[in-house]
Amino acid sequence: MRTLKIFGLVLLMIFVAQVKTFAAMPEVSAGETYFDIFKGVYVLKNNVHVAVDNHGFKATVTANEAMVSLAKQKCWADGNVKLTQENIIFNCEHVYIEGATHTAKVKDKVKFENKKSVTITSDTAVFNWDSKIVDFYGKINLKADKKVKLADGVTLDGKEYQHVQYNIVEDTILALDKTFDAPEIIIPSAEE
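Let me sum up the structure you'll find in this document. (Residues numbered from 1 in each chain as written. Predicted model: local features only at pLDDT ≥ 70, side-chain atom pairs only at ≥ 80, totals over all residues. Heavy atoms only, no water.)

### A few points about the overall build of the protein
Within the protein, the regular secondary structure consists of 1 helix and 12 strands. The secondary structure elements of the protein, listed N-terminal to C-terminal, are α-β-β-β-β-β-β-β-β-β-β-β-β. The burial tally for the protein puts 45% of its 192 residues in the buried class. A fraction of 45% describes how many contacts in the protein between residues 6 or more apart in sequence connect residues 24 or more apart. (Helix = DSSP H or I, 4+ residues; strand = E, 2+ residues; numbered from the N terminus. Buried < 20%, exposed > 50% of the residue type's maximum accessible area, 1.4 Å probe, protein only. Contact = heavy atoms within 4.5 Å.)

Okay, here's the thing in structure tokens:
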């Protein structure tokens, strides 16, 4: 059983139909698709649905709209963004994926659910697909059952936090902070 490998890379690659690493081409559908020559991005609007099966790694991404810059290795998705993969569901309103930094930044109505062990809601989050670690920031509500692992020195103390650090692959909570100076998560426009 494969776990969620790389949320950000999957999202970026899912939107790129010419990727050679996929066993089968992703199934991409949207009400409207076109290339915006002035912005240098592919645009998908209205009921964006992308499904991929990469040698048994299956994932589905849906959103109201998305833009992908192949040259800059960047992807933006907005409105009811949802990634589903095996036992993992990740929802938010806005996501920005940057291939060069191997990160995905998500904002607004962030909800991560590992059906086996944990549900985390937050204002923002940053996922690094090299480390497989996601940092949740802001007003966080954590629901964890007994199956979730805790790193050494980490203890559950209620449900509300300002920072939670979680390793997706190892299903381990690495840090829980009741008070935390969260970084400002900025999602740049496609023109930048």
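### Concerning the pattern of salt bridges
Two side chains carrying opposite charge are able to pair once their charged atoms lie near each other. Taken as a whole, this structure holds 1 salt bridge when the rule is applied. Note that Lys74 is salt-bridged to Glu98, the shortest N-O span being 3.9 Å. You can see Lys74 sitting in strand E5 (residues 74-85) and its partner Glu98 sitting in strand E6 (residues 88-98), a full 24 residues away along the chain. By relative accessible area, which is 18% here, Glu98 ends up buried. (Salt bridge = Lys/Arg side-chain N within 4 Å of Asp/Glu carboxyl O.)

### Side note on the nonpolar core
Of all hydrophobic cores here, the largest spans 40 residues; its most connected members are Val95, Phe112, Ile120, Phe136, Val164, Tyr166 and Ile173. Judged by nonpolar contacts, the second largest core, of 6 residues, contains Val43, Trp76, Tyr96 and Ala190. (Core = buried A, V, L, I, M, F, W, Y, C linked by side-chain atoms within 4.5 Å.)

### A look at unusual backbone geometry
Excluding glycine, a negative phi dihedral is what most residues carry, and trans is how most peptide bonds are arranged. For Asn47, which is not a glycine, the phi torsion comes out positive at approximately 60°. Asn47 sits in the exposed class, given a relative accessible area of 63%. Backbone geometry at Asp171 places phi at a positive 50°, although glycine is not the residue there. The residue Asp171 is located in the loop between strand E11 (160-167) and strand E12 (172-177) in this model.

### A short note on a nonpolar patch on the surface
On the surface, Phe35, Ile37, Phe38, Tyr42 and Leu70 cluster together to form a nonpolar patch covering roughly 610 Å² of accessible area. Mapped onto the secondary structure, Tyr42 falls in strand E3 (residues 41-54). Overall, the relative accessible area of 40% leaves Tyr42 in the partly exposed class. (Patch = residues over 30% accessible without salt bridge, like charges linked within 9 Å, V, L, I, M, F, W, Y side chains within 5 Å. Areas by Shrake-Rupley, 256 points an atom, 1.4 Å probe, with all protein chains shown as cover.)

### So, the pairing of E11
In the sheet, strand E9 (residues 133-144) pairs with E11 via 7 bridges, with the strands oriented antiparallel. Within E11, the residue paired with Asp135 across the bridge is Gln165. The pairing of E11 with E12 spans 5 bridges and is classified as antiparallel. The partner of Tyr166 across the bridge, within E12, is Ile173. The antiparallel pairing of E11 with E12 creates a hairpin that spans 4 residues between the two strands, and Asp171 there sits at a positive phi of about 50°. (Pairing = 2+ DSSP bridges.)

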